[in-house]
Amino acid sequence: MTKPFDIGVEALRQGLPDKNRRDADGAKAPDDRVRAMSELPSASLRARKLRSPEAAAKSFYLETFGCQMNDHDSEKVSGVLLGRGYRAVETPADADLVLYNTCSIREKAAQKVFARLGDWKTTSQGKIIGVLGCVAQQEGEEIFERAPWVSLVCGSASYRRLPDLIAELETGGRRVTGLDLDTDETFETEITRRDNPFRAYLTIIEGCDYSCAYCVVPHTRGPERSRRSDSVLSEVRRLADAGYTEIQLLGQTVNSYRDPSPRGMHFVDLLEAVAAVAGIRRVRFTTSHPNDFTREIVRAIDATPALCDHIHLPVQSGSTPILRAMRRTYTREEYLEKVSWIRAARRPISLTTDVIVGFPGESEADFDETLSLLDAIQCDGVFSFKYSPRPNTLAREMPDAISEEEKGRRLAVLQEHQRQIQIARNQTLVGTEFEVLVDARHAARDQWAGRSTSNRTVNFTSRHQSLLGEYVQTRVTRAGPNSLVGEHVV
Ligand code: SAM
Ligand code: SF4
């Protein structure tokens, strides 16, 4: 896990943070920011959970691979462990419980996990080693065969069972698994350890009901389950009370959200309700599926300044026959039509996308269609991947595989093509102003860094000393393909 902010048992005992405490130069004290990252259970519950002296001595290390959903799942898993009296440590060597929250979206990511597990072959003595997430779900009990020193295997659709599984291990259980996929509930925790002090992630929908031919997610994360709107909104209010101003709603297909409670909110209703919570200044959401992307989403962004002017809308390919083979449920023309709604908005809305190159059967002409689609949509960022055959997917059995070498060539061509688009687009931003939420300091460069509502990174200079967590107006002075350089406008 990168730079975890450990709220620790003491922070749990002390209760909610004092949002207004500031340090000598006026910045929010780091301790406050760190504690503001947790949502805390009621005092009586805390006392009950923290009383066990046996558990209080134990420590855990959790490493996360993959997407933001995995990062956020890890925040919740950490919360479960902290609630049981575990403390987080920085290195696996110091931990009693070593957990890997894994990703299997591409083969390389899955291989990395087995390399990590291999490290423990002769040195796991006395430690509990656990595999969570997508590789756990995909490989199941076979993990015990490949790495007999592992004692916990739990897929994300079974995280609700984690406290019980950990309890079983604490009382001497040798091997435990949580591999059910047919759960109709979402994973909610009493405590979530927040690792990002400036942006709070919040899952509103888990799993996926689509069946894209290349994708393991429906197999590893199970069917789609939306979280009740009242539960989402009360978490947002707690986050706002804890000092968060920016919320990112998460889901594999976030815009397929359907409130299971009698209120029956649609995705746009929920977006507007979250944006209306006092104290919330920015609401982001990812990932949107083009099939469920509606004009109402664009209208809501236009009408509600707190809804960020950025949409991540993965296209995967610019060729309709390849989209059909991928089972993406839309054509090139339908995707372009949705982009035209975004481009017609009154607020300029930033667009990013995902592309897979080298899907089985992708001809040179299909690939050219993808490049021409990138020209047409003028994105501000593209996440591009070589197609990776995955277990339990339709595409794995498809004929006309593209060679690794050719996939690599297409990826390089596409990335250079998009780089030129981004250089040209960002150049037009020189001289314009962006309000950014400051989230980093680069001391060596004497620069601060922040994100605009359109999710652009601005690295800027300022005379001010303590800007972390502040909203600051910046003017762009230079532009690169992936970020902007600017100055603080005072
Ligand atoms: N649910 C999102 C959607 O439908 O657009 C995508 C979620 S997936 C975790 C993130 C991205 O990984 C996908 O958009 C796709 O570009 C990429 N991806 C998924 N499976 C892949 C595979 N087998 N090979 C290469 N890239 C893949
Ligand atoms: Fe995977 Fe497709 Fe579901 Fe996205 S919509 S998670 S790509 S199956």
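Residue numbers here run from 1 along each chain, matching the order of that chain's written sequence. Each chain gets a letter, beginning with A, and each ligand a number, beginning with 1, in the order they are written. It should be noted that, the model being predicted, local features are given only for residues of pLDDT at least 70 and side-chain atom pairs only at 80 or more, the latter also being counted only at that level, while totals for whole chains, interfaces and linings use all residues. Only hydrogens and water are set aside when side-chain values are computed; all heavy atoms of the structure are taken into account.

**Q** What am I meant to see in the overall build of the protein chain here?
**A** What the protein chain contains, in helices and strands, is 17 helices and 19 strands. For the protein chain, the residues scored as buried account for 56% of the 490 residues in total. Contacts between residues were defined by any pair of non-hydrogen atoms, one from each residue, lying within 4.5 Å. Considering only contacts within the protein chain whose residues lie at least 6 apart along the sequence, 74% involve residues at least 24 apart. The way it works is that DSSP assigns letters per residue, a run of H or I at least four long becomes a helix, a run of E at least two long becomes a strand, and they are numbered from the N terminus. Buried residues are those whose accessible area, probed at 1.4 Å on protein chains only, stays under 20% of the maximum for their type, while exposed residues exceed 50% and partly exposed ones sit between those limits.

**Q** So what exactly am I meant to see when it comes to the site of ligand 1 here?
**A** Residue proximity to a molecule or strand is established when one non-hydrogen atom of the residue lies within 4 Å of it. Around ligand 1 lies a shell of 16 residues, among which Gln252, Gln316, Arg328, Asp354 and Ser388 are the nearest. A distance of 2.9 Å separates an oxygen atom of ligand 1 from a polar side-chain atom of Arg328. Within the complex, the protein chains bury 92% of what would otherwise be the 560 Å² of accessible surface of ligand 1. Only Asp, Glu, Lys and Arg are considered charged, only Ala, Val, Leu, Ile, Met, Phe, Trp, Tyr, Cys and Pro nonpolar, and every remaining residue, Gly among them, polar. A per-class count over the shell around ligand 1 returns six nonpolar, five polar and five charged. Any pair of N or O atoms that falls within 3.5 Å is considered a polar contact. Within protein, one atom must be able to donate a hydrogen and the other to accept it, and sequence-neighbouring residues count only if both atoms are side-chain atoms. In these tables, accessible area is a Shrake-Rupley quantity obtained with a 1.4 Å probe, and a residue counts as shielded only by the protein chains included in the view.

**Q** Explain the packing of aromatic side chains to me, please; I cannot follow it from the model alone.
**A** Two aromatic rings, taken as a pair, are described by how far apart their centres are and by the angle between their planes. Only Phe, Tyr and Trp rings take part, Trp by its six-membered ring, and two of them pair if their centres are within 6.5 Å. Stacked means planes under 30 degrees apart, edge-to-face means over 60, and tilted covers everything else. One pass over the structure, following the stated rule, counts six aromatic pairs. Measuring from centroid to centroid gives 5.3 Å for Phe267 and Phe285, while their planes differ by 75°, and the two rings are edge-to-face. Of the two residues, Phe267 sits in helix 12 (residues 267–275) while Phe285 sits in strand 11 (residues 282–286), which places them 18 residues apart along the sequence. Here the two residues Phe267 and Phe285 agree in accessibility, since each one is buried. Among the aromatic residues, ring-to-ring pairing joins Tyr214, Phe359 and Tyr387 into one connected group. Sitting over the face of the ring of Phe114, Arg146 holds its NZ or CZ atom 3.6 Å from the ring centroid. Look at NZ for Lys and CZ for Arg. If either is within 6 Å of the ring centre and within 35 degrees of the ring normal, a charge sits over the ring. Over the aromatic face of Trp448 sits the side chain of Arg441, whose NZ or CZ is 4.7 Å from the ring centroid.

**Q** When you look at helix 11 (residues 229–241) in this model, what are you seeing that I'm missing?
**A** An α-helical turn contains 3.6 residues, so any two residues separated by three or four positions project in the same direction. For a helix, the expected span equals 1.5 Å multiplied by the number of residues minus one. Spanning 13 residues, helix 11 covers 18 Å between terminal C-alpha atoms, matching the ideal 18 Å at 1.5 Å per step. Inspection of helix 11 places Ser229, Ser231, Val232, Leu233, Glu235, Val236, Leu239 and Ala240 among the buried residues, and these make up the whole buried set. Lining the buried residues of helix 11 we find strand 7 (199–203), strand 10 (246–250) and helix 12.

**Q** Can you walk me through the pattern of salt bridges in this structure?
**A** Where charged atoms of side chains with opposite charge meet at close range, the side chains can pair. Think of a salt bridge as a Lys or Arg side-chain nitrogen and an Asp or Glu carboxyl oxygen that are within 4 Å of each other. In this structure the tally under the stated criterion is 30 salt bridges. As a salt-bridge pair, Glu246 and Arg199 come within 2.6 Å of each other at their nearest N and O atoms. Placement of the pair is Glu246 in strand 10 and Arg199 in strand 7, with a sequence separation of 47 residues. For the pair formed by Glu246 and Arg199, the shared burial category is buried. Connected via shared salt-bridge partners are Glu362, Glu364, Glu406, Arg409 and Arg410.

**Q** Would you take a moment to explain the packing of helix 11 against helix 12 for this structure?
**A** For any two helices packed against each other, the geometry comes down to the angle between their axes and how far apart the axes lie. Orientation of helix 11 relative to helix 12, taken along the N-to-C sense of each, is 25°, at an axis distance of 10 Å. Regarding the angle of helix 11 to helix 12, the classification is roughly parallel. As helix 11 runs across helix 12, the sense of the crossing is right-handed. Between helix 11, through Ser229, Val232, Leu233 and Val236, and helix 12, the contact on the second element is made entirely by Leu270, Ala273 and Val274. Of the residues that constitute the contact of helix 11 with helix 12, the class distribution is six nonpolar, one polar and no charged. Orientation is described by axes fitted as lines to C-alpha atoms, over the contacting stretch for helices, and by angles from 0 to 180 degrees between their N-to-C directions. Comment on the angle field: the value is read as roughly parallel under 35 degrees, roughly antiparallel over 145, roughly perpendicular from 65 to 115, and oblique elsewhere. In this scheme the handedness of a crossing depends on how the near helix is turned from the far one: anticlockwise by less than a right angle means left-handed, clockwise means right-handed.

**Q** Which parts of the structure should I look at to understand the environment of Tyr244?
**A** Within the secondary structure, Tyr244 is located in the loop between helix 11 and strand 10. For Tyr244, the side chain forms a polar contact with the main-chain oxygen of Asn196, separated by 2.8 Å.

**Q** Looking at this structure, I do not really get the environment of Ser104. What am I missing?
**A** The topology assignment puts Ser104 in the loop between strand 3 (97–102) and helix 6 (107–118). The sequence separation of Ser104 and Gln138 amounts to 34 residues, and the corresponding C-alpha distance is 7.9 Å. Excluding its chain neighbours within four sequence positions, the residues that come into contact with Ser104 are Ala110, Cys134, Val135, Gln138, Val216, Thr220 and Arg390. Side chain to side chain, Ser104 and Gln138 meet in a polar contact 3.0 Å long.

**Q** Could you clarify how one ought to interpret the sheet that holds strand 12 (residues 310–312) in this entry?
**A** Strands pair in a sheet through their backbones, by hydrogen bonds, and they do so in one of two ways: parallel or antiparallel. At least two DSSP bridges between two strands are required for those strands to pair. Taken in spatial order, the three strands line up as 12-13-14 in an open sheet, and their pairing is parallel. At either end of the open sheet lies a strand with only one pairing partner, and these are strand 12 and strand 14 (381–386). Strand-to-strand twist across the sheet, computed as the mean angle between neighbouring axes with direction ignored, equals 15°. Contacting strand 13 (350–357) and strand 14, helix 16 (residues 364–377) runs over the sheet at an angle of about 175° to strand 13. Each of strand 13 and strand 14 touches helix 17 (residues 404–427); the most contacted strand, strand 14, lies at about 175° to it.

Keep in mind that these numbers describe shape and distance, not what the molecule does.
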